[in-house]
Each structure stands twice: as C-alpha cells, then as structure tokens.
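An overview of the molecular structure
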Amino acid sequence: EQQMTPLKILFISSMPPDHSAGLARDFMKAMRLHGHEVDFLTRYSFPGQTEGEYSVYPENLSIKIRRWKDKHPFIKKNLRFLKFLLKKDEVIKNKDKGINITCLREDLPTVPIKDVLKKINKQYDLVVTVFWQHMVTTCTLKAIYDKLHCPIIIRSVDMETFTGGCFYFMNCRNFTHECGCCPALNSNDANDQTHLNFLKKKEMYSQMNYAIGFNTWMQQFSRRSGLFEASRIITTSCAIDESIFKPIDKGDCRKALDIPSDKTFVMFARRTGIIFKPKGFAHLIKAVNLFVDGLTEEERKKCLLILAGQSLEDCRPWLHVDTMYLGQLTRDFLIKAYNASNVFLSPSIDDAGPSMVNQSIMCGTPVVCFNIGTAIDVISNGLSGYKVAIKDDDAFASAIDTVYKLPTNQYEQLSKTTREMALKHNSLESFANMIESTYSKLSH
C-alpha cells in the first residue's frame, strides 16, 4: 500500500488538548504516528504548552483560579468569595427543556475571527476541528478556509454543527426546518436568531471544501437538517490511546482508589447535576436503585457506586447503595476507576458521546447505557456491554443485573470482547486511517 505524503495538519479546539481525558492529544498522537506534522490552536494558553501548540489569548485569572480550586476541593468550599472572580462565558440555558446555546450569533463568534486568523501564520494541508464552543463558528471556519485554501475536517462532538446554535437539542427538531421558534429562547418567531444562524451556516458550508464526521446516531439527525450533501458526511468515532487506556489489575486499581476490599461489585459513572437533563443522571439514580432493590441485604452491602466529576448536590441520600465520590480525576486516576469497576454506567439521553463510553471499553470494562450516541456503534449486547431503550430505567437496571450475575469466566470473556470492540472502532490507527482517506477524497 502506497504511503501518504506527510501532511501539515492544524487541529483547532476551544478546549486545551488535555480536555476530556486528552481527546485532542490522542487525535494528534494518531496523526504523528503516521508521520504527519501536527500543530494545535486553542482559545487560551494552558500549562505544559509546547512548540506547535498555540493559543489565541493568554490564560486569564478566572481559569487559573478555577484550576487551583479543582486541585483543592476541600479548600474551595470555604472560599466562596472566589466565585466573584470566576468569569464564565455566557450560555443561554433552558433548564426545563435541557437546551443550551453557547453562541447566539453565528456571525459574531465569542473569539473574534481576526484574532484567530492572526495566530495562523503557517500554511497547512488540512485543518481538523474538535470542540467549537465559545471559540469557533462556521464563519470562523470559512475565514480560515479563505486564508489557507485547504480542506477542513469537522469532527462533530455535539449538535452545534447542524442546528441554529444549540449543542443539545433534547426533544426539539426545529433543525429539520431551518430552526426558528427556538425553545431555548422561548421564541415564537420563525425568523428568530436561531433561524438566521441556520441560514448563515448553510451559506458558509456551501463555500468550503469540507467533510463532517458523525457517529451513526448523529448521522440520522444531521442528514435531516439538509445542511450537508451526502458525500460530505463521514463516519467517525473517538480516538482513544490504547497504550494508555488499557486493562490493569482490578485489585491494584481498587487499592489505589481506597475502595474497601469487601466491595466486590463496583459500578462507575460520571456525576452530573440532576437538572442537567441531557446527561440523564436522574435515570441513573432510578436504575441503580431498581437494581440494588432486587438484591438481598448481604448482596447489597457488597455493591458500590463510584462517581467522578463535580459533586454538585449530594445525591447519596437518594441512592439505595453505598456511594463514593472521587471528584475531578486526572487521566491516570480515571483509567484506574474504569479498571476498578465491573461496569461503567452511561445514562445520557441526548448526547453525541459521551467519550467515557469509548474510554471504558478500551479499558475492557463493559458499559450499560441507553441506545444513544457513540453506544450505537460500539456497544453490542453481550460483547461490549448492554444498551437499552432510551429512558427505560427498568431495562437499564436489568442490564446491570445481567453483568452482576455473570460467572467469572463469562465476565472475563465479556471484558476481552469489550476491549476488542474498542480496538476496532477507537484505536489511534483507525482514526489516522479515517483522516487520511477523507483528506484524499477532499483533495482530488
């Protein structure tokens, strides 16, 4: 097979490369392993920034304080005055409907286009986008395209790429008729700002040479938007570094996380707020309770739910099982958490990912989830976990019970096929091959 001429690739992401357990860093590593030259551009500077990693702005005080607070979770509760120093980007949220918009004007990105262009001082063969929020819109991409005249591969990590602005749309399907009457804005105007944003996206996409990557679940929605020619849509999945996310001895990982030795069935999940509907944490509580309520008191005492992420409100009073908060985890401890667990629970009900599903299976830890997002492609019942109908809490509980009751040899086999599924869909090699083949298509 003829090897591709090395490319000069620019990755653009609003988040630093270590965000989401190093998602962008894994993307870049995949391309470098194939001999390509890779640069990275993000919004703010970040610790450990190296040559070829650029930022539009220096890291501001808010970000420095927030990072310090995350490292000192016990101190931060007593320093409430710090919140006055923490400036956050404006997000339009409709909590009742679970819809968020991070940029209300497609033509006025949070980071001015001229500031982004000023930081692009080389010629590139290819631009690849990761996270957009608070930095990039299609108007930014069109300006970059006009400057570089090279193909752009958009890796769509959420719905913002094909809506009038929201990155979770929940039950709204207004994007199928060019948005307007936006529930996030409580709008009854068919020509509201989301409709104008949608038309601007349509205009910008029509003037670029691009491909846009979605998993199977996202494709069924994006095609209905009418924004993309079929030939522009490609199938993508997460790239997870299989040399780092890998099976490790369960016992060692449990010791490292101080999990009591009498806890023989450990469930792992991400902690999100009850009111943040897309991530479905309320469904997780119901399903876990249904599962443990079917156990004897003796069996229940051997079960543990571990939660990563911000504590927000304490959910332990609502759960019928012992629960341990791990807080914000470094990548090293996140990998230990996957490996310490018998199962990862993903209750998202409106989510392109989450990438934690891909990370978990790369560690050989099966996943129980709803039939949504990345799970449609990578969770196969009995091979890499179990997926059930969206919002079916009883089925979710039953799937946890299925994993719980597996004899040791069958669980070990499930763990083996789980890892194999991840290597097939999420290896660095598969990501690099997808980028290269898409570039070849776009450049001819």
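All figures in this text were calculated on a predicted structure; none of them were measured in a lab.

About the criteria used
- Residues numbered from 1 in each chain as written.
- Predicted model: local features only at pLDDT ≥ 70, side-chain atom pairs only at ≥ 80, totals over all residues.
- Heavy atoms only, no water.
- Pairing = 2+ DSSP bridges.
- Helix = DSSP H or I, 4+ residues; strand = E, 2+ residues; numbered from the N terminus.
- Axes fitted to C-alpha atoms, helices over the stretch in contact; angles between N-to-C directions.
- Contact = heavy atoms within 4.5 Å.

Glancing now at the sheet that holds strand β3 (residues 53-57). Strand order in the open sheet formed by seven strands is β3-β2-β1-β6-β7-β9-β10, and the pairing between neighbours is parallel. On the outer flanks of this sheet lie β3 and β10 (233-235), each paired with one strand and no other. Sheet twist, expressed as the mean angle between neighbouring strand axes with direction ignored, is 25 degrees. Strands in contact with helix α1 (residues 19-33) are β1 (8-12), β2 (37-44), β3 and β7 (152-155); relative to β2, the strand with the most contacts, it is inclined by about 165 degrees.

The next point concerns unusual backbone geometry. In this structure, the amide linkage connecting Gly-353 to the following residue, Pro-354, adopts the cis form with an omega of -5 degrees. For Pro-354, the position within the fold is in the loop between β14 (343-346) and α12 (355-362). Notably, Asn-186 is not glycine yet its phi reads approximately 50 degrees, a positive angle. Residue placement: Asn-186 occurs in the loop between β8 (166-168) and α6 (193-205).

Taken together, three strands build an open sheet; the order of strands is β4-β5-β8 and the sheet is antiparallel. Of all strands in the sheet, those bounded by a partner on one side alone are β4 (92-94) and β8. Taken over all neighbouring pairs, the strand axes of this sheet differ in orientation by 25 degrees on average, direction set aside. Pairing geometry for β4 and strand β5 (residues 99-101), over three bridges, is antiparallel. Counted as the bridge partner of Ile-92 is Ile-101 from β5.

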